[in-house]
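This is what each chain is made of:
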Number of protein chains: 4
Amino acid sequence: MVLDSSGFGIIGGDRRQLALAESIAADGFRVLACGFENAEFTGQVQKADLQETTEVCDKLLLPLPVTADGRTLKAEFAQKQIPLNDTLAQQLKGHMIFGGKVARALQACPQMADLQIRDYSVREDFAVRNAAVTAEGAIAYAMREYAGTINGSRCLIAGAGRIGSQLAPRLRALGADVTATYRRAVTAAHIEAMGCHALPVEKLAQGGSYEIIFNTVPAEIFTDSVLAAFACGTLLIDLSSAPGGVDMVAAGKHGIRALHAFALPAKVAPRTAGEIIKQTVYQMMKE
Amino acid sequence: MVLDSSGFGIIGGDRRQLALAESIAADGFRVLACGFENAEFTGQVQKADLQETTEVCDKLLLPLPVTADGRTLKAEFAQKQIPLNDTLAQQLKGHMIFGGKVARALQACPQMADLQIRDYSVREDFAVRNAAVTAEGAIAYAMREYAGTINGSRCLIAGAGRIGSQLAPRLRALGADVTATYRRAVTAAHIEAMGCHALPVEKLAQGGSYEIIFNTVPAEIFTDSVLAAFACGTLLIDLSSAPGGVDMVAAGKHGIRALHAFALPAKVAPRTAGEIIKQTVYQMMKE
Amino acid sequence: MVLDSSGFGIIGGDRRQLALAESIAADGFRVLACGFENAEFTGQVQKADLQETTEVCDKLLLPLPVTADGRTLKAEFAQKQIPLNDTLAQQLKGHMIFGGKVARALQACPQMADLQIRDYSVREDFAVRNAAVTAEGAIAYAMREYAGTINGSRCLIAGAGRIGSQLAPRLRALGADVTATYRRAVTAAHIEAMGCHALPVEKLAQGGSYEIIFNTVPAEIFTDSVLAAFACGTLLIDLSSAPGGVDMVAAGKHGIRALHAFALPAKVAPRTAGEIIKQTVYQMMKE
Amino acid sequence: MVLDSSGFGIIGGDRRQLALAESIAADGFRVLACGFENAEFTGQVQKADLQETTEVCDKLLLPLPVTADGRTLKAEFAQKQIPLNDTLAQQLKGHMIFGGKVARALQACPQMADLQIRDYSVREDFAVRNAAVTAEGAIAYAMREYAGTINGSRCLIAGAGRIGSQLAPRLRALGADVTATYRRAVTAAHIEAMGCHALPVEKLAQGGSYEIIFNTVPAEIFTDSVLAAFACGTLLIDLSSAPGGVDMVAAGKHGIRALHAFALPAKVAPRTAGEIIKQTVYQMMKE
């Protein structure tokens, strides 16, 4: 890989960016981290303020998402927050900048529009790698919440997209009997090729006997009438992004234990999630 | 499924169409088979000539490919061949017709252009289902040709598309250490999500230590210089369609045992291959 | 199965016995539960005191272990404890009695020796079923504690016995590269047959590069000098029964994150653990 | 490994011994091969007659089985056969000798009794490693003979011993729904721990709907009445040693396609089978 050596500045973030900083440093690059006053790094990462970071580093990595509140950079380990404003935009200027969910930040701080921040979070390779982490996190979540074992259980996955198609073979490999829903015939083909059962999504309303249901569809498909068709006591883990695909009130009414499991990569495997950001950014620099 | 009951005519084909006819009959439909004089059916399939078949049946299923020689319908079990000509085109007229690799037949017999034959072989769901069969067939082929076991072997898959992405997890599940090549970053993400190693295709020329190589890329990527980088005695199974992706002469020169494994679904699992045609045709009728 | 219908008495226990009671009731048998004042049953289980339970039921199921403190029956949901004494022994007399880790209870209460309590916990089928639950629980534990994903990680399992031999294929199926130690050549054969690497246990002291180590050996094999050979930051999960196989002080000194994960079945999958007790007891009744 | 360097003599055998000779030579040892006049070695193996072989080598490896016909050493590649007689016994004297199925040879040639030939074929590690090869070979066999795919098929395995317990997870990993029979409760526990269905062997006579049945039990359990309970057209592969566990005449009567698949390791993976002999012999020398 041809990468010049002037250094990477990591500005803000959570445990993923902490791991990201350490991982880039372990590759032999100089890394400055700003907004990590309360964090401890194990590797050769140098804490710095915004000015030093932007002076020393020509490549700057913003968090995922760049902003959570629309006013400041996401920075869980910062002592004082970094506002999204002219000053920030001014200091970032002239750098090669990467960030996640950039659109939301631009809306909140239009001054950043000229910075040409490159968004790693919209790339398909990033999404696929994160889906693998989410699939594993979903299994950890199910193992913790379900009173039985995955082995020998009947699992239903609503949606066999990026996450569902990675969750299905893992559950099956652990000994579950796995059914996944599909809309398109090609998805049914993929599901069956993995040794799982394919169920047309329109038959979801007929219910069935499952111990664990995973929802990956970001639309409210688990409505009152659909939930009524599943057995009382079923565990339903919603992996779709907020607001999720489950009518939580109806779930309660029908005795379905429905739980949201949002943002699993950051929670269950921040180190791998940080690695994925690094891999994606390196890849973007090569392209 | 809403299917009327006037019957399916199976006209020509190989063991897949034989299985297809039996499977449709087993679903309760009337099935007439033409061009199967030398075949024996176990189910309720009625042998008939072309005229009776087209009179009785409103749905006609042509083989895959419709024609192999450009002059007659493919019909391995026929006593006398069915020529692609005006007579045939005339008799097929007015039916709902399905066939595989239709373009080739239209080129050979332009009179069939008006028949609006629907091609099941160009659909993605058909391709994915067949890729699963091919992946399994490739494993059977490797088991037969390789003097060791898949378990404990190092396998390289060139190309992680439809076939490669189904072959990789199967080999790994059987105990192999699996590497697959990629061109696009997203493919690398998919490969690694399956617990396999991702190798940029441009590094293929560096060779490596593998017992079995599977090629799925339909372009000559295993050139003389690439082959030179692999160990003498390596088994190379070419799964790509003819003319294949391997310089067979160079392979011989470098002591690589290169073998073509074309058209695996028809050979290793005609029954499943027939089922897949049925599933696809049923699906097309629903859409 | 030929089982008479006079009822099962569940006397004491934790969430496993709660699930056990419900599961036997779901099979259509009459079930009385004693020592569950603070529990809520969803099925047809009748709470009762000791006298009623022993009067109505001819089959009595004691917990696993029968006693934890050596003075009372283990009864997590009891309002008042049930002492191991003459009174208890008297009331249990004349029944078919099953219990777990019975020897310990007999030592504490020799009056129970005449009761001929049959121990389900010493049976091999019971141990194998529990090992499957432990293996799954170990994975859940690792997923929670490890900052990366199992997929792509290098795992070492010390000991390929009941638990290790079930943990290895699960980790591999989730995408890990798995090494397991062995003492006997036949164990190496089993390890390699699962696509894993076999390491003679005497080479453990040479360390190696692993992200996660699972210990299943109930002897202190992870001594100071062995631990020194592994990388700082390695996660070491000790699955062996107390006192475990890891010098925890030395682990801390070498930066190894060593954690005990005792009694996983009861914690992670009480329902399955209860099912296993039921299956074993039914099996013992048939034999 | 501490092995002295005076050389290994390979006397007789088939493709396994050929691979064995090459593999030992590749480890850096001097190897002489006797009874391989018609074979070609790729590595540093020296062909020799019996006298030279026994003079140069202190370690002698006899084939598996040592004798097939009871009169000569098994030697598929020999130009002239090596009789089991006094001369042979005399020449072998004073060496460290290993062989397979030695008992049969001693019966045929009692003069060899004093040679203290060590039998690698009776060891459990040898048997487990070979079972892995047999399991893989059984899959290759099924793929070739079955007109459908393993993926999506229902498979029944009679006997979950060494071979069955390795076959079950492989079939399941390829997408089959797998049932295995058991006699002992602990075997049922093992079967279910692999995500398969456990069937008491006494229920075999109730039949069931399976596409492929594998028999591993070396006793005629597939009798006329048992076979009658399975569907016409079922494929039954008998992996048990001759005479096998299937009433072949009755199978034909009931339309069951029953096939013997004996001695798979030598046929499907001679190289691995040779490696296994080598591993076992090395292990015996260490012990």
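Residues numbered from 1 in each chain as written. Chains lettered and ligands numbered in written order. Predicted model: local features only at pLDDT ≥ 70, side-chain atom pairs only at ≥ 80, totals over all residues.

## Some points on helix H7 (residues 185-193) of chain A
Move 1: Taken across its nine residues, H7 of chain A has eight buried, putting it largely inside the fold.
Move 2: Within the span of H7 of chain A, buried status applies to Ala 185, Thr 187, Ala 188, Ala 189, His 190, Ile 191, Glu 192 and Ala 193 of chain A.
Move 3: The elements touched by buried residues of H7 of chain A are helix H6 (164-173), strand E8 (177-182) and strand E9 (197-200) of chain A together with helix H5 (124-145), helix H6 (164-173) and helix H11 (270-286) of chain B.
Move 4: Looking one or two residues past H7 of chain A, Gly 195 of chain A carries a phi angle of roughly 80°, positive in sign. (Buried ≥ 20, exposed ≤ 12 C-beta atoms within 10 Å, placed from the backbone. Helix = DSSP H or I, 4+ residues; strand = E, 2+ residues; numbered from the N terminus. Contact = placed C-beta atoms within 7 Å.)

## Structural notes on the packing of helix H5 (residues 124-145) of chain A against H6 of chain A
All names here are of chain A.
Move 1: Where H5 meets H6, the axes come as close as 8 Å, and the angle between the chain directions of the two elements is 45°. Of the possible angle classes, the one that applies to H5 and H6 is oblique. Crossing hand, H5 versus H6: right-handed. Here Ala 131, Ala 132, Ala 135, Glu 136, Ala 138 and Ile 139 of H5 lie close against H6, whose contacting residues are Gln 166, Leu 167, Arg 170 and Leu 171. (Axes fitted to C-alpha atoms, helices over the stretch in contact; angles between N-to-C directions. Parallel < 35°, antiparallel > 145°, perpendicular 65-115°, else oblique. Left-handed = near helix turned anticlockwise from the far one by under 90°.)

## Remarks on the sheet that holds strand E8 (residues 177-182) of chain B
Residue and element names in this part refer to chain B.
Move 1: Strand order across the open sheet formed by six strands is E9-E8-E7-E10-E11-E12, with parallel pairing between neighbours. The sheet terminates laterally at strand E9 (197-200) and strand E12 (257-260), the two strands that pair on one side only. Taking each pair of neighbouring strands and ignoring which way they run, the sheet shows an average axis angle of 20°.
Move 2: When E8 meets E9, the two strands line up parallel, connected through four bridges. Opposite Tyr 182, over in E9, you have Pro 200 as the bridge partner.
Move 3: On the sheet, H5 packs against strand E10 (212-215), strand E11 (235-238) and E12 and is oriented at approximately 150° with respect to E11. (Pairing = 2+ DSSP bridges.)

## A look at the relation of the copies chain B and chain C
Move 1: In the superposition of chain B on chain C (RMSD 0.0 Å, axial shift 0.0 Å), the rotation amounts to 180°. Considering both components of the superposition, the chain copies are consistent with a two-fold axis. Nearest to the rotation axis, the C-alpha of Ala 173 of chain B is located 3.5 Å from it, this being the minimum over chain B.
Move 2: A high fraction, 100%, of the interface residues of chain B reappear at the interface in chain C, so the copies pair face to face through one surface. (Least-squares fit on C-alpha atoms with pLDDT ≥ 70 in both.)

## Details of the relation of the copies chain C and chain A
Move 1: At an RMSD of 0.0 Å, chain C and chain A line up after a rotation of 180° and a shift of 0.0 Å along the axis.
Move 2: Most of the interface of chain C is mirrored in chain A, where 100% of its interface residues are also at the interface.

## Here's the deal with the interface of chain C and chain A
Move 1: At the junction of the two partners, chain C supplies 20 residues and chain A supplies 20 residues.
Move 2: Put simply, the parts of the chain that give the side of chain C that touches chain A at least two residues each are helix H5 (124-145), helix H6 (164-173) and helix H11 (270-286) of chain C.
Move 3: In terms of residue count, the dominant contributor to the side of chain C that touches chain A is H5 of chain C (six residues).
Move 4: In terms of residue class, the side of chain C that touches chain A is made up of twelve nonpolar, four polar and four charged. (Nonpolar A, V, L, I, M, F, W, Y, C, P; charged D, E, K, R; others polar.)

## Some details on the interface of chain B and chain C
Move 1: Contact with chain B, which involves seven residues of that partner, is made by seven residues of chain C.
Move 2: The residue inventory of the side of chain B that touches chain C, partitioned by class, reads two nonpolar, four polar and one charged.

## Description of the domain arrangement of chain A
Move 1: The assigned domain composition of chain A is domain 1 (8-122) and domain 2 (127-266).
Move 2: The straight-line distance from the C-alpha centre of domain 1 of chain A to that of domain 2 of chain A is 35 Å. (Domains from an automatic or database assignment.)

## So, the sheet that holds strand E2 (residues 31-34) of chain C
All names here are of chain C.
Move 1: If you trace the six strands from one edge of the open sheet to the other, you get E3-E2-E1-E4-E5-E6, paired in parallel fashion. For this open sheet the edge positions go to strand E3 (45-47) and strand E6 (118-119), each flanked by a neighbour on one side alone.
Move 2: Two strands pair when backbone bridges link them, and strand E4 (residues 59-61) and strand E5 (residues 96-99) are joined in this way by three bridges, in the parallel orientation. Looking at the pairing, Lys 59 lines up with Met 96 of E5.

## A closer look at the nonpolar core
Move 1: Within the largest apolar cluster, 405 residues are counted, with the highest numbers of intra-cluster contacts made by Ala 138 of chain A, Ala 138 of chain B, Ala 138 of chain C together with Ala 138 of chain D.
Move 2: When residues no more than four places from it in sequence are discounted, the contact partners of Ala 138 of chain D are Leu 167, Phe 214, Ile 237, Leu 239, Ala 261 and Leu 264 of chain D. (Core = buried A, V, L, I, M, F, W, Y, C linked by C-beta atoms within 7 Å.)

## Concerning the packing of H5 of chain C against H11 of chain C
Residues and elements named next belong to chain C.
Move 1: The contact between H5 and H11 brings their axes to 10 Å, and the two run at 165°. Judged by the inter-axis angle, H5 sits roughly antiparallel to H11. In the packing of H5 onto H11, the handedness of the crossing is right-handed. Contacts between H5 and H11 involve Asp 125, Phe 126, Arg 129, Asn 130 and Val 133 from the former and Thr 272, Ala 273, Ile 276, Thr 280 and Gln 283 from the latter.
Move 2: Classifying every residue of the contact of H5 with H11 by side-chain character gives four nonpolar, four polar and two charged.

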